[in-house]
Amino acid sequence: MSERAAGHGGADVAIVEIRTTFDSRAAADACADRIVAGRLAACVQVEGPVGSTYRWRGAVETAAEWRCTIKTTAAAADRCIEAILAAHPYENPELLVSHPLTTQRYAAWVRDSVAGA
């Protein structure tokens, strides 16, 4: 990387990536639209369908799902997760939260896109 990576401390903006899945493209797109329009995330990438195999209530299940990868700031992450949970159709949705390193330029774009949330 030609520019220093943004980390978790100092004046750098901590970026958070949240992943979740939905049972339809329409539900995934609706979530993406809602959280980006609400300035809770800078962007959401929707991928799918992806095949999921999982254990639920003692049985092995298989389903087609659409994965959302959500980019936000550490400051907005809790509000973003609350918005996802409030509208999620699943009883127990997957919410995976990570703190990736990125460039300062990308971190600034995420921060500016979420500012005012």
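**Student:** For this particular structure, what's the right way to read unusual backbone geometry?
**Tutor:** Residues apart from glycine generally show negative phi values, whereas peptide bonds are mostly found in trans. In this structure, proline 49 follows glycine 48 across a cis peptide bond, with omega equal to 5 degrees. The phi dihedral of arginine 39 falls on the positive side, at around 60 degrees, and the residue is not glycine. The phi dihedral of arginine 57 is positive, around 55 degrees, even though this residue is not glycine.

**Student:** When you look at the pairing of strand S3 (residues 43-56) in this model, what are you seeing that I'm missing?
**Tutor:** Remark: a regular strand shows side chains that alternate across the two faces of the sheet. Judged from the 12 bridges that link them, S3 and strand S4 (residues 59-73) form a sheet pairing that is antiparallel. When the sheet's bridge partners are listed, valine 50 is paired in S4 with glutamate 65. What sits between S3 and S4 in their antiparallel hairpin is a turn of two residues, with arginine 57 showing a positive phi close to 55 degrees.

**Student:** Even after reading the chapter, I still don't get the packing of aromatic side chains, so can you show me in this structure?
**Tutor:** Between two aromatic rings, the relevant description is the distance of the centres plus the angle of the planes. Taken as a whole and assessed by the stated rule, the structure comprises one aromatic pair. Ring centres of tyrosine 106 and tryptophan 109 lie 5.4 Å apart, and the angle between their planes is 45 degrees; this geometry places the pair in the tilted category. Pair noted here: tyrosine 106 and tryptophan 109 are both in helix H3 (residues 104-114), with a separation of three residues, about one helical turn. Here tyrosine 106 falls in the partly exposed class, since its relative accessible area comes to 28%. The exposure class assigned to tryptophan 109 is partly exposed, which follows from its relative accessible area of 38%.

**Student:** Hey, could you run me through the sheet that holds strand S5 (residues 96-98) in this one?
**Tutor:** Through backbone hydrogen bonds, the strands of a sheet pair up, either in parallel or in antiparallel fashion. Read across the sheet, four strands follow the order S3-S4-S2-S5 without closing on themselves; strand pairing throughout is antiparallel. With one partner strand each, in any of the chains shown, S3 and S5 form the two edges of the open sheet. Each neighbouring strand pair of the sheet contributes to a mean axis angle of 25 degrees, computed without reference to strand direction. Sheet topology note: the strand S2 (residues 15-22)/S4 ladder contains eight bridges and is antiparallel. Considered in S4, the bridge of threonine 20 is made with cysteine 68.

**Student:** Sorry if this is basic, but what is going on with the environment of alanine 64 here?
**Tutor:** By secondary structure assignment, the location of alanine 64 is in strand S4. With residues near it in sequence (within four places) discarded, alanine 64 still touches Phe22, Asp23, Pro49 and Val50.

How each quantity is defined
- Residues take numbers from 1 onward in each chain, read along the sequence in its written order.
- With the structure being a predicted model, the display of local features is reserved for residues of pLDDT at least 70 and the display and counting of side-chain atom pairs for 80 or more, all residues being used for whole-chain, interface and lining totals.
- By convention in this description, side-chain values take in all heavy atoms of the structure and omit both hydrogens and water.
- Strand pairing is defined by DSSP finding a minimum of two bridges between the two strands.
- The secondary structure listing takes helices from DSSP runs of H or I that are at least 4 residues long and strands from runs of E that are at least 2 residues long, numbered from the N terminus.
- Only Phe, Tyr and Trp rings are paired, with Trp represented by its six-membered ring, and only when their centres lie within 6.5 Å; those with planes under 30 degrees apart are stacked, over 60 edge-to-face, the remainder tilted.
- Buried, partly exposed and exposed residues are distinguished by accessible area as a fraction of the type maximum, computed with a 1.4 Å probe on protein chains only: under 20%, between the cut-offs, and over 50%, respectively.
- Orientation is described by axes fitted as lines to C-alpha atoms, over the contacting stretch for helices, and by angles from 0 to 180 degrees between their N-to-C directions.
- The contact definition used throughout considers only heavy atoms, calling two residues in contact when any of these lie within 4.5 Å.

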